[in-house]
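Secondary and tertiary structure notes
Here are the chains, one letter per residue:
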Amino acid sequence: MSERPTKPILRVLEGEPVWPLPIWIMRQAGRYLPEYRETRSQAGSFLDLCYTPRLAEEVTLQPIRRFGFDAAILFSDILVIPHALGQDVRFVENEGPKLDPISNAADLSRLADELPLSRLDPVFETLDRLSKSLPRETTLLGFCGAPWTVASYMIAGKGTPDQAPARLTAYRDPAFMDRLIDILVRASTDYLIRQIDAGAEAVQLFESFGAALPPALFDRLSLDPIRRIVTGLKEARPNARVIVFVRGGGAHLHRFAAAGVGDALALDWTLDPALVLPDLPGDVATQGNLDPLALIAGGDALHRGIDHILHAVRGRPHIFNLGHGILPETPTDHVAELIARVRGA
């Protein structure tokens, strides 16, 4: 019989209610921290920061040192997979990621069919370093982007408001889209297996663009690819634990739960946990879902938001988090206040 985990987040991912709630926040290593901005200035490009293990380890540790979160999440980016596959990826200051668009089978043929894992050795070295440098009680999380979200960037060459280029491609050329999704499923599965081997104790799949998918495309492009990744990861590494975050996927939560896709389902800020959670089985772990803008606002708005979540999830396996990533303008004292209120409940 395997030993039960002692780290709070891993206990929740095993289906155990833990109180006070364990807490981490998406993008917790980022521009709202002055120490991150200082380290970022030393790195050169954003990808240089991701691919320099000493610096990536440092920025991953910064929010742990400052706030003592219950989990540290690997500092990297979801676009390292298309970059490793051979697509040109660069990050432009104040504009975000730019890629050479992939729009047809000829473009796709220029990419590797299988992920060259050696190109991501710096990421795995960062995880190995973190597994040794993190406090004993802190869970180490890895992550990757879900295939639909990554494919949207690869097709459009940038982030778009409604992912229209990728949606249009899915309608006009379903064979191309299915092939791209298949490549990303295999690459993501291999990548996450290697992250677990390098020291990650759990991983999160980010479907940041789930809200763009109409019902006719959702299963084919989001739910099924994520299910395939989770299944492949767990077949290879049965002890791996997976958090699935589908922004805008609230209508599909019960279907993810029924299909057993992931050990925890993350809720975005648009969902009311008091209304959503009673429809989910009591042993399904969840995560979320404070509005990032409430954290910026602070004061009564922040306290009401925290207390509403705490009341709704009491007695359930739940990880406190935001409903999406922390924003750069967030005051650090509001983050400290958030942690104190969650842990003092």
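Residues numbered from 1 in each chain as written. Predicted model: local features only at pLDDT ≥ 70, side-chain atom pairs only at ≥ 80, totals over all residues. Heavy atoms only, no water.

1. Looking at the UniProt feature "site: Transition state stabilizer" (unreviewed entry) in the protein
With numbering matched to this structure, UniProt assigns "site: Transition state stabilizer" (unreviewed entry) to Asp77. Checked against the element boundaries, aspartate 77 lands in the loop between strand 1 (71-73) and helix 5 (80-85). Aspartate 77 has contacts with Phe46, Cys50, Phe91 and Phe143, leaving out every residue within four places of it along the chain. A distance of 2.9 Å separates the side chain of aspartate 77 from the backbone nitrogen of leucine 79, its partner in a polar contact. (UniProt positions renumbered as here; feature names shortened; annotations may be inferred. Helix = DSSP H or I, 4+ residues; strand = E, 2+ residues; numbered from the N terminus. Contact = heavy atoms within 4.5 Å. Polar contact = N/O pair within 3.5 Å; in protein donor to acceptor, adjacent residues only side chain to side chain.)

2. Here we look at the pattern of salt bridges
The full count for this structure, using the stated rule, is 23 salt bridges. Between arginine 343 and aspartate 70 there is a salt bridge, with its nearest N and O atoms 3.1 Å apart. One end of the pair, arginine 343, is in helix 16 (residues 332-343); the other, aspartate 70, is in the loop between helix 4 (53-67) and strand 1, and 273 residues separate them in sequence. The class for arginine 343 is partly exposed, based on a relative accessible area of 33%. For aspartate 70, a relative accessible area of 13% corresponds to the buried category. The closest approach of N and O atoms between aspartate 128 and lysine 132, which form a salt bridge, is 2.7 Å. With aspartate 128 and lysine 132 both in helix 7 (residues 121-133) and four residues apart, the pair spans about one turn of that helix. On the basis of relative accessible area, aspartate 128 is assigned to the partly exposed category, the value being 34%. The class for lysine 132 is exposed, based on a relative accessible area of 61%. The structure contains a network of salt bridges with shared partners spanning Glu57, Glu125 and Arg129. (Salt bridge = Lys/Arg side-chain N within 4 Å of Asp/Glu carboxyl O. Buried < 20%, exposed > 50% of the residue type's maximum accessible area, 1.4 Å probe, protein only.)

3. Notes on the packing of aromatic side chains
Enumeration according to the criterion identifies ten aromatic pairs in this entry. Summarising the aromatic geometry, the rings of phenylalanine 143 and phenylalanine 206 are spaced 5.7 Å apart at their centres and angled 85° between planes, so their arrangement reads as edge-to-face. Residue phenylalanine 143 is found in strand 4 (residues 139-145), and its partner phenylalanine 206 is found in strand 5 (residues 202-207); the two are separated by 63 residues along the sequence. With relative accessibility at 8%, the residue phenylalanine 143 sits in the buried group. In textbook terms, an aromatic cluster arises when at least three aromatic residues are bridged by ring pairs, as seen for Tyr36, Phe46, Phe75 and Phe91. One cation-aromatic arrangement involves arginine 314 over tryptophan 19; the distance from NZ or CZ to the ring centre is 3.9 Å. (Phe/Tyr/Trp six-rings, centres within 6.5 Å; stacked < 30°, edge-to-face > 60°. Lys NZ or Arg CZ within 6 Å of the ring centre and 35° of its normal.)

4. So, the packing of helix 2 (residues 34-43) against helix 4
Close contact between helix 2 and helix 4 brings their axes to 10 Å; oriented N to C, the two are set at 175°. In terms of their interaxial angle, helix 2 and helix 4 are classed as roughly antiparallel. Facing Pro34, Glu35, Tyr36, Thr39, Gln42 and Ala43 of helix 2, the residues of helix 4 in contact are Leu55, Glu58, Val59, Gln62 and Arg66. When the residues that make up the contact of helix 2 with helix 4 are grouped by side-chain class, the tally is five nonpolar, three polar and three charged. (Axes fitted to C-alpha atoms, helices over the stretch in contact; angles between N-to-C directions. Parallel < 35°, antiparallel > 145°, perpendicular 65-115°, else oblique. Nonpolar A, V, L, I, M, F, W, Y, C, P; charged D, E, K, R; others polar.)

5. So, the environment of alanine 236
Here alanine 236 lies in helix 11 (residues 215-236). Sequence separation of alanine 236 and threonine 189 is 47 residues, and the distance between their C-alpha atoms is 9.3 Å.

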